[in-house]
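Single-letter residue listing:
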Amino acid sequence: MTAHDNSSLPIGVFDSGVGGLTVLKAIRKALPNENLIYLGDTARLPYGTKSPASIARYATQATAKLLEHDIKMLVVACNTASAVALELLQEQMAPIPVIGVVEPGAMAAINARPGGSHLVLATEATVRLGAYSKAITARDPDAHVREQPCELLVALAEEGWTSGNIADSIVRRYLDDAANDAFIADSIILGCTHFPLLRDTIAAAVGNSVEVVDSAGTTAVVVRDILRARGELAESTEPGTLRLLATDGITRFARVGGQFLGEPLTAEDVHLVDL
Ligand code: DGL
């Protein structure tokens, strides 16, 4: 197939559940004419507390499902899966380009605070692998990075409790845990797909001098640059299509996912798939 033929193929976006819809939203905004297909592995969510072996196996199965839909590119819109399995997926999907969200998130932080002190809020698995520390210090050796697991924030975002006393207390508790010595962050990296929903609460807790960054916008830019370089950007001037797949609970996917996407969804918008 020629590069020209690939332009109308969909971009595949994969996450452990609904969180990756924050990334999909940014891709849709940057590239409104692209056809998109999103798979949320809701049957096996959360990935963040699982072992690397399980996460790699789940990610391999989920991306194989997306490959059945003849995608031209894969975005691993899950920090945990990006941290654990990006290289594996790149090997398995070659020559289809595969990008994760950790590198774009790291770049966003470096651009915001060169040589800065970055506090990464992420899942247990992402923190255990030190994925953000490696990505940041490889590009900016002067930077300091601390990573804080924040599993409860995933549940808070899914529950829609993103502001108010409960969210504020839990956010502050994690920030206190991370600040138990002289480390003073000048950037906070939202290193989990769910945390952009808590951005205002986190920003209020850390104060104006601290930059709060996430990977959604920079990931969309990377997608655009790669497709442009390959001559595979959509040529249509019509709005792109969106197909949503989930491995369990399409009603919950629609209800919770609508908050992440920023527009209402119904169960009819979501297709149940088995991996
Ligand atoms: N999508 C995951 C991430 O960005 C969060 C949810 C999970 O643990 O599966 O790390």
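Calculation criteria
- Residues numbered from 1 in each chain as written.
- Predicted model: local features only at pLDDT ≥ 70, side-chain atom pairs only at ≥ 80, totals over all residues.
- Heavy atoms only, no water.
- Helix = DSSP H or I, 4+ residues; strand = E, 2+ residues; numbered from the N terminus.
- Rg over C-alpha atoms; globule rule 2.2 N^0.38 Å.
- Contact = heavy atoms within 4.5 Å.
- Areas by Shrake-Rupley, 256 points an atom, 1.4 Å probe, with all protein chains shown as cover.
- Lys, Arg positive; Asp, Glu negative; His and termini not counted.
- Charge placed at Lys NZ, Arg CZ, Asp CG, Glu CD.
- Core = buried A, V, L, I, M, F, W, Y, C linked by side-chain atoms within 4.5 Å.
- Buried < 20%, exposed > 50% of the residue type's maximum accessible area, 1.4 Å probe, protein only.
- Near = heavy atom within 4 Å.
- Polar contact = N/O pair within 3.5 Å; in protein donor to acceptor, adjacent residues only side chain to side chain.
- 1 Å grid on protein atoms, 1.4 Å probe; cavity = no way out; pocket = protein on both sides within 12 Å on 5 of 7 lines; lining within 4 Å.
- Sits in = over half its atoms within 2 Å of the grid points.
- Pairing = 2+ DSSP bridges.
- Axes fitted to C-alpha atoms, helices over the stretch in contact; angles between N-to-C directions.
- Points joined across faces, edges and corners; volume = space filled by probe spheres on them.
- Nonpolar A, V, L, I, M, F, W, Y, C, P; charged D, E, K, R; others polar.
- Arc of directions from axis to C-beta.

**Re the overall build of the chain**
Then, number 1: Along the backbone of the chain there are 12 helices and 10 strands.
Then, number 2: Taking 2.2 N^0.38 as the reference for a compact globule, 275 residues should give roughly 19 Å; the C-alpha atoms of the chain span a radius of gyration of 18 Å, in line with that estimate.
Then, number 3: Long-range pairs, those at least 24 residues apart, make up 78% of the contacts in the chain between residues at least 6 apart in sequence.
Then, number 4: Summing over all exposed atoms, the chain offers an accessible surface of approximately 11800 Å²; the carbon and sulfur share of this is 52%.
Then, number 5: Of note, the chain has its 22 positive side-chain charges centred 1 Å away from the centre of its 33 negative side-chain charges.

**Quick word on the nonpolar core**
Then, number 1: Grouped together as the largest cluster of nonpolar side chains are 54 residues, with contacts concentrated most on L21, I27, V75, L153, I188, F195 and V223.
Then, number 2: Among all residues touching F195, those that are not within four sequence positions of it are L121, A122, C150, L153, V154, L190 and I202.
Then, number 3: Residues Y47, Y58, A62 and I96 belong to the second largest nonpolar core, which totals 24 residues.

**A look at the site of the ligand**
Then, number 1: Around the ligand lies a shell of 13 residues, among which D15, S16, Y47, G48 and T80 are the nearest.
Then, number 2: Y47 places a polar main-chain atom, nitrogen or oxygen, 2.7 Å from an oxygen atom of the ligand.
Then, number 3: Contact distances for the ligand include 2.8 Å between an oxygen atom and a backbone N or O atom of G48.
Then, number 4: Starting from 290 Å² of accessible surface for the ligand in isolation, the protein chains cover 100%.
Then, number 5: In this structure, the ligand is accommodated by the largest cavity.

**Observations regarding the sheet that holds strand β10 (residues 270-272)**
Then, number 1: Strand order across the open sheet formed by 6 strands is β4-β3-β1-β2-β9-β10, with parallel pairing between neighbours. The two strands at the open ends of the sheet, each matched to only one other strand, are β4 (98-99) and β10.
Then, number 2: In this structure, strand β2 (residues 36-40) lies alongside strand β9 (residues 242-246), joined through 5 bridges in parallel fashion. Note on β9: the bridge partner recorded for G40 is A246.
Then, number 3: The strands that helix α3 (residues 52-67) touches are β1 (11-15), β2 and β3 (73-76); relative to β1, the one it contacts most, it runs at about 155°.

**A look at the pairing of strand β7 (residues 187-190)**
Then, number 1: With burial as the criterion, each face of β7 is covered, one bearing S187 and I189 and the other bearing I188 and L190.
Then, number 2: Looking at chain direction, strand β5 (residues 117-122) and β7 are connected through 4 bridges and run parallel. Looking across to β7, one finds that L119 is bridged to I188.
Then, number 3: Relative to strand β8 (residues 211-214), β7 runs parallel, the two being bridged by 4 bridges. When the bridges of β8 are listed, S187 appears paired with E211.

**Remarks on empty space enclosed by the protein**
Then, number 1: Counting across every chain of the model gives 2 cavities of 30 Å³ or more.
Then, number 2: Taken as a whole, the largest cavity spans an internal volume of roughly 110 Å³.
Then, number 3: Contributing to the lining of the largest cavity are 15 residues, with S16, T80, T123, C192 and H194 lying nearest its centre.
Then, number 4: Those elements that provide at least two residues to the lining of the largest cavity are α4 (79-93) and α8 (151-159).
Then, number 5: Residue composition of the lining of the largest cavity, by class: 6 nonpolar, 7 polar and 2 charged.
Then, number 6: A volume near 50 Å³ is recorded for the second largest cavity.

**Here we look at helix α7 (residues 131-139)**
Structural remark: α-helix, 3.6 residues per turn; residues separated by three or four positions point the same way.
Then, number 1: Burial in α7 covers these residues: A131, Y132, A135 and I136. End-on view of α7: buried residues confined to an arc of 115°, all on one side of the axis. Facing away from the buried side of α7 by over 90 degrees, the exposed positions are K134 and A138.
Then, number 2: Tucked inside the fold, the buried residues of α7 contact α4, α5 (102-112), β5, α6 (124-129), β6 (144-149) and β7.

**Digging into the sheet that holds β6**
Then, number 1: One open sheet holds the 4 strands; their spatial order is β6-β5-β7-β8, and the pairing between them is parallel. In the strand order of this sheet, the two ends are held by β6 and β8, each with one partner. Each neighbouring strand pair of the sheet contributes to a mean axis angle of 25°, computed without reference to strand direction.
Then, number 2: Relative to the sheet, helix α10 (residues 199-206) contacts β5, β7 and β8, its axis offset from that of β8 by approximately 150°.

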